[in-house]
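Each chain, written out:
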Amino acid sequence: MKAIVCTKYGSPDVLQLQEVAKPAPQDEEVLIKIHAASINSRDWRRMRANPFFIRLMAGGLLKPKNPILGADVAGRVEAVGRNVKQFKPGDEVFGYLPSATGRGTFAEYVCANEKAITLKPANLTFEQAAAVPEAAMTALQGLRNKGNLHPGQKVLINGASGGVGTFAVQIAKAFGAEVTAVCSTRNLEMVRSLGADHVIDYKVEDFTQNGQQYDLILAVNGYHPISDYLRALNAEGTYVVAGGSMAQLFQAVSNRKRISKTGSQNTYVVSLEHNKKDLVFIKELLESGKIMPVIDGCYPLSKTPEAFWYFEKVHPKGKVVISVV
Ligand SMILES: NC(=O)c1ccc[n+]([C@@H]2O[C@H](COP(=O)([O-])OP(=O)(O)OC[C@H]3O[C@@H](n4cnc5c(N)ncnc54)[C@H](OP(=O)(O)O)[C@@H]3O)[C@@H](O)[C@H]2O)c1
């Protein structure tokens, strides 16, 4: 089969279209003919070995031990292992297969444990479905699991126009929150169209300095010191960070609970858990039309290096998709 192989750590030019062995499913696995995949920061970090310690996590000092990147997938089941109960050949499925397990999705085929996938929402194309799993589940787990999101809360999403942020805005609205979305000028209208009640252009206004306070802040990247976020939180508020520098992530963990005379603020780092229940929950939100992926561009498998260059140089609006079939 054809696959994009990460030949060493480096720029997107290290990604090469190569012929590799087609995988065969184990007893609990299905073989998926991939129709589409999508790029996440995790893939970019593994390609660039950024930060450096990724080399240890990815299992190779000079190149990733599992050289096919990609975790998000949408495709059609081609064959099933003997213990598979939930799927049959021909089923349209989607899911999140963390590539550290060696099951990269920038390829024509991948094997997946049946616990890692679910049926594709019928109202989405393969390209749309592939844009969803990692970013939407990160947003859901950040807002609901860590942030204890509930109706009527004032929620701020900092970094609202990228992969995680576009889902976070829609999920917070679906839960009945009043949402403030922060992004740059060119994306304000787009995040408004996703349902944001208020938008802030970070190039014009610093939301941590304007006196407003929120019940829950999700920072898709750190961007500000934690003290700024805590100032913008109400006395019982919660701050959740998904990405950023090691110092920003460490601060959020180490500041876990801040008790003062006026209340107690909580801070969390969200770390995506591979969880089928959450994938099914996201599927239901998609099918009810409460959330939809935002796709900035779609590239054929052979143009994956170009897609990564675009991902690296431009902040994409939502997701960048790789179309395989
Ligand atoms: N913890 C986990 O398990 C997990 C899982 C998935 C992802 N992540 C992390 O989540 C992060 C976000 O991923 P993503 O794919 O959503 O990223 P992304 O697509 O690059 O989104 C970046 C967002 O941040 C905005 N932004 C850029 N500079 C800013 C600034 N100075 N102030 C405020 N906003 C700014 C961008 O707005 P404009 O484009 O309008 O400038 C855009 O909305 C990454 O760090 C990734 O590693 C973590």
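Model, not experiment: these values are computed from the prediction.

Draft legend 1. Local environment of the overall build of the protein chain. Check the secondary structure of the protein chain and you find 10 helices and 16 strands. What you see for the protein chain is a C-alpha radius of gyration of 20 Å, in line with the 20 Å of a compact globule of 325 residues. Principal-axis analysis of the C-alpha atoms places the extent of the protein chain at approximately 60 × 40 × 35 Å. Burial analysis of the protein chain (325 residues in total) assigns 55% to the buried set. Considering only intrachain contacts with a sequence separation of at least 6, the fraction spanning at least 24 residues in the protein chain is 67%. Carbon and sulfur atoms make up 52% of the accessible area of the protein chain, which amounts to about 13,900 Å² in all.

Draft legend 2. Quick look at the packing of helix H1 (residues 41-48) against helix H10 (residues 304-313). Relative orientation of the contacting elements H1 and H10 amounts to 105°, with a least axis distance of 11 Å. Regarding the angle of H1 to H10, the classification is roughly perpendicular. In this structure, H1 contributes Ser41, Asp43, Trp44, Met47 and Arg48 to the contact, and H10 contributes Phe308, Trp309, Phe311 and Glu312. Looking at the contact of H1 with H10 residue by residue, the class counts come to 5 nonpolar, 1 polar and 3 charged.

Draft legend 3. A look at the nonpolar core. Residues Leu143, Ile157, Ile171 and Ile282 are the most contacted members of the largest nonpolar core, which totals 50 residues. Residue contributions to this core peak at 6 residues, all from helix H4 (residues 133-146). Those residues in contact with Ile282 that sit more than four places away from it in its chain are Val132, Ala136, Met137, Leu140, Ile171 and Ile291. Ile32, Val73, Leu97 and Leu301 belong to the second-largest nonpolar core, a separate cluster that totals 31 residues.

Draft legend 4. Fine view of the site of the ligand. Taken together, 26 residues are adjacent to the ligand, and Ser161, Tyr202, Asn221, Tyr223 and Val270 come closest. A distance of 2.6 Å separates a nitrogen atom of the ligand from a polar atom in the backbone of Val270. One of the side-chain nitrogen or oxygen atoms of His315 is found 3.2 Å away from an oxygen atom of the ligand. Within the complex, 87% of the 950 Å² of free accessible area of the ligand lies under protein. Mapped onto the shell around the ligand, the elements with two or more residues apiece are H1, H4 and helix H5 (163-174). Examining the composition of the shell around the ligand, we find that 3 residues originate from one element, H1, more than from any other.

Draft legend 5. Fine view of H5. In a regular helix each residue adds 1.5 Å, so 12 residues correspond to 16 Å; H5 covers 17 Å between its end C-alpha atoms and thus fits that length. Most of H5 is tucked away: 9 of the 12 residues are buried. Taken together, the buried positions of H5 are occupied by Gly163, Gly165, Thr166, Phe167, Ala168, Val169, Gln170, Ile171 and Ala172. Immediately downstream of H5, the backbone of Gly176 shows phi near 90°, a positive value.

Draft legend 6. Just the pairing of strand E11 (residues 214-219), in detail. Counting buried positions along E11 gives 5 out of 6 residues, so the element sits mostly inside the fold. Two strands pair when backbone bridges link them, and strand E8 (residues 154-158) and E11 are joined in this way by 4 bridges, in the parallel orientation. Bridge assignment links Ile157 to a residue of E11, and that residue is Leu218. In this structure, E11 lies alongside strand E12 (residues 233-241), joined through 5 bridges in parallel fashion. Bridging from a neighbouring strand, Leu216 pairs with Thr238 of E12. Running through helix H7 (residues 226-231), the crossover from E11 to the neighbouring parallel element E12 is right-handed.

Draft legend 7. Fine view of the side chain of Thr267. Turning to its location among the elements, Thr267 is positioned in strand E14 (residues 264-269). Polar side-chain contacts of Thr267 include one of 2.4 Å to the backbone oxygen of Ala252.

Draft legend 8. Seen up close, a nonpolar patch on the surface. Residues Phe53, Leu56, Met57, Leu61, Leu62 and Met246 make up a contiguous nonpolar surface patch of roughly 700 Å² in combined accessible area. Tracing the sequence through the fold places Met246 in helix H8 (residues 246-254).

Draft legend 9. Here's a closer look at the environment of Asp296. Here Asp296 shows up in strand E15 (residues 295-300). Overall, the relative accessible area of 25% leaves Asp296 in the partly exposed class. Residues Asp296 and Phe250 lie 46 residues apart in sequence; the distance between their C-alpha atoms is 32 Å. Those residues within four positions of Asp296 in sequence are excluded, and the remaining contacts are Tyr310, Pro316, Lys317 and Lys319. In terms of polar contacts, Asp296 uses its side chain to reach the backbone amide nitrogen of Lys317, at 2.7 Å.

Draft legend 10. Focus on the pattern of salt bridges. By the definition in use, this model includes 14 salt bridges. The residue Arg42 makes a salt bridge to Glu134 at a minimum N-O spacing of 2.9 Å. Of this pair, Arg42 sits in helix H1 while Glu134 sits in helix H4; the two residues are 92 residues apart in sequence, bridging distant segments of the chain. In this structure Arg42 comes out as partly exposed when scored by relative accessible area, which is 31%. The class of Glu134 is buried, set by a relative accessible area of 6%. Salt-bridge contacts for Arg231 lead to Asp228; the nearest nitrogen and oxygen are separated by 3.0 Å.

Scoring rules and cut-offs
- Residues numbered from 1 in each chain as written.
- Predicted model: local features only at pLDDT ≥ 70, side-chain atom pairs only at ≥ 80, totals over all residues.
- Heavy atoms only, no water.
- Helix = DSSP H or I, 4+ residues; strand = E, 2+ residues; numbered from the N terminus.
- Rg over C-alpha atoms; globule rule 2.2 N^0.38 Å.
- Buried < 20%, exposed > 50% of the residue type's maximum accessible area, 1.4 Å probe, protein only.
- Contact = heavy atoms within 4.5 Å.
- Areas by Shrake-Rupley, 256 points an atom, 1.4 Å probe, with all protein chains shown as cover.
- Axes fitted to C-alpha atoms, helices over the stretch in contact; angles between N-to-C directions.
- Parallel < 35°, antiparallel > 145°, perpendicular 65-115°, else oblique.
- Nonpolar A, V, L, I, M, F, W, Y, C, P; charged D, E, K, R; others polar.
- Core = buried A, V, L, I, M, F, W, Y, C linked by side-chain atoms within 4.5 Å.
- Near = heavy atom within 4 Å.
- Polar contact = N/O pair within 3.5 Å; in protein donor to acceptor, adjacent residues only side chain to side chain.
- Expected span 1.5 Å × (residues − 1).
- Pairing = 2+ DSSP bridges.
- Right-handed = clockwise from strand over helix to strand, strands pointing away.
- Patch = residues over 30% accessible without salt bridge, like charges linked within 9 Å, V, L, I, M, F, W, Y side chains within 5 Å.
- Salt bridge = Lys/Arg side-chain N within 4 Å of Asp/Glu carboxyl O.

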